[in-house]
Amino acid sequence: MKYKNMITVLLFLVTLSFPKTLLSQVKVGELAPDFEYTDTNGETYKLSDFRGNVVFLAFIGYGCPFCRAEAPSTESDIWQVFKNDSFTALALETWNGSLSQAQAYVNSTGITYPLLTRAGKELNNYGITYDNYLVLDHQGIIRYSSADNGGLGQRYRINEITDTIRQYLLRTGLNSSEIPYDFNLSQNFPNPFNATTIIEYNLLTRGRVSLIVYDILGRIVEELVDEIQSPTEYMIEWNPRNLPSGIYLYKLTFENITITRKMAYLR
């Protein structure tokens, strides 16, 4: 047991000194590499199966003191707060420990979200070290990375993580009873505007989309979109041209569901 503990400490110290320059980090705004592992209960998890969810990823080492110290708050402040059909949390054990070592980590930290075992190669695939955390949006795009936040033991910033999760759940309509699950329409920007404005919307499933601009009396001003579209984010630029200043409405219809918002045009 004595020598086993010494090996664990040496492994920890070697990883601490591993040059970051040898790693090609997957950056915020890029698609997260896919992976597939089993957890401590023998269930298989594939990252791409959670497309459509906001995902929290924790890269940990079973003997990492920082990871052990941070894990209880990832359970209480992240998983227990956000867990539902639209949010997923996964931990990856990257020291390639045994099943019993991974289970001991679960038991000692109290996490109830899945811990995927023997996932060490993801450190190279993602270009980061253990004791790091990512937030992915519903398309699998990395929206937050703790790798930008300093060294080991300094990266875990709970407010930044929870704020990002909350932002993307609300932005895609995944955590709001007021917005349909399948799509979301953002407020145009800038608003008010005096030349052109951008209208953004997100689709989570494929379907027919209609985007129409109306004047305040409900008359159609311009039909911007009328087609079947695939799930992704869309940005539409609208130029009122010779229209008078005033309040205009833009209505997004997806299948049989609609969202309408107002915008102000000032010439």
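Residues numbered from 1 in each chain as written. Predicted model: local features only at pLDDT ≥ 70, side-chain atom pairs only at ≥ 80, totals over all residues. Heavy atoms only, no water.

Asks: How would you sum up empty space enclosed by the protein? Please name residues and give values.
Replies: Inspection of the entire model under this criterion finds 2 cavities of 30 Å³ or more. Looking at the largest cavity, the residues that line it are Ala-32, Leu-47, Ser-48, Phe-50, Arg-51, Asn-53, Val-55, Leu-136, Asp-137, His-138, Gln-139 and Gly-140. When its residues are assigned to classes, the lining of the largest cavity shows 5 nonpolar, 5 polar and 2 charged. Roughly 50 Å³ of volume is contained in the second largest cavity. If you trace the second largest cavity, you find it lined by Ala-58, Ile-60, Cys-67, Glu-70, Ala-71, Thr-74, Ala-91, Tyr-105, Ile-111, Tyr-113 and Tyr-133. Elements supplying a minimum of two residues to the lining of the second largest cavity: strand E3 (54-60) and helix H2 (65-82). For the lining of the second largest cavity, the element with the most residues is H2, which contributes 4 residues. Of the residues belonging to the lining of the second largest cavity, the class tally is 9 nonpolar, 1 polar and 1 charged. (1 Å grid on protein atoms, 1.4 Å probe; cavity = no way out; pocket = protein on both sides within 12 Å on 5 of 7 lines; lining within 4 Å. Points joined across faces, edges and corners; volume = space filled by probe spheres on them. Nonpolar A, V, L, I, M, F, W, Y, C, P; charged D, E, K, R; others polar. Helix = DSSP H or I, 4+ residues; strand = E, 2+ residues; numbered from the N terminus.)

Asks: Account for the pairing of strand E9 (residues 197-203), naming residues and giving values.
Replies: By the criterion of burial, E9 is predominantly enclosed, with 7 of the 7 residues buried. Side chains of E9 alternate between two faces, with Thr-197, Ile-199, Tyr-201 and Leu-203 and Ile-198, Glu-200 and Asn-202 buried alike. Pairing of E9 with strand E12 (residues 233-238) involves 6 bridges; the strand directions are antiparallel. Looking at E12, one finds that Ile-198 is bridged to Glu-237. (Buried < 20%, exposed > 50% of the residue type's maximum accessible area, 1.4 Å probe, protein only. Pairing = 2+ DSSP bridges.)

Asks: Residues and numbers for the pairing of strand E13 (residues 246-254), please.
Replies: Alignment of strand E10 (residues 207-215) against E13, held across 7 bridges, turns out to be antiparallel. Across the sheet, Asp-215 pairs through a bridge with Tyr-248, a residue of E13. Alignment of E13 against strand E14 (residues 257-265), held across 9 bridges, turns out to be antiparallel. Bridging from a neighbouring strand, Tyr-250 pairs with Arg-261 of E14. Taking the residues that link successive antiparallel strands as the turn, the E13-E14 hairpin has 2 residues, and the phi of Glu-255 there is positive, at about 55°.

Asks: An account of the sheet that holds E13 is needed here, citing residue identities and associated values.
Replies: Pairing is antiparallel in the open sheet, where 4 strands are placed in the order E11-E10-E13-E14. Each edge of the open sheet is held by one strand with a lone partner, namely strand E11 (220-229) and E14. When the angles between neighbouring strand axes are averaged without regard to direction, this sheet yields 15°. With 8 bridges connecting them, E10 and E11 associate as antiparallel partners. Residue pairing for E11: Arg-208 is matched across the bridge by Ile-228. (Axes fitted to C-alpha atoms, helices over the stretch in contact; angles between N-to-C directions.)

Asks: Give a description of unusual backbone geometry that names residues and reports values.
Replies: Cis geometry is found at the peptide bond from Phe-189 to Pro-190, where omega equals -10°. The topology assignment puts Pro-190 in the loop between strand E8 (183-185) and E9. Between Asn-191 and the following residue, Pro-192, the backbone shows a cis peptide bond with an omega angle of 0°. Looking at where Pro-192 falls in the secondary structure, it is placed in the loop between E8 and E9. The phi dihedral of Asn-96 is positive, around 55°, even though this residue is not glycine. A positive phi is found at Arg-241, a non-glycine position, where the angle reads about 55°.

Asks: Explain the pattern of salt bridges residue by residue, including any values.
Replies: For the structure on display, the rule yields 7 salt bridges. Its salt-bridge partner being Asp-137, residue Arg-143 comes within 2.8 Å of it at the nearest N-O pair. Salt bridges here are not isolated pairs; linked through shared partners, they connect Asp-137, Arg-143 and Glu-233. (Salt bridge = Lys/Arg side-chain N within 4 Å of Asp/Glu carboxyl O.)

Asks: How would you sum up the sheet that holds E3? Please name residues and give values.
Replies: One open sheet holds the 5 strands; their spatial order is E5-E4-E3-E6-E7, and the pairing between them is mixed. Unpaired on one side and paired on the other, strand E5 (115-116) and strand E7 (142-145) mark the two borders of the sheet. Inspection of the sheet shows strand E4 (residues 87-93) paired to E5 by 2 bridges, in the parallel sense. Considered in E5, the bridge of Leu-92 is made with Leu-116. Its contacts with the sheet place H2 against E3, E4 and strand E6 (132-136), and it is angled at close to 165° to E4. (Contact = heavy atoms within 4.5 Å.)

Such coordinate-based values are descriptive only and should not be taken to indicate function.
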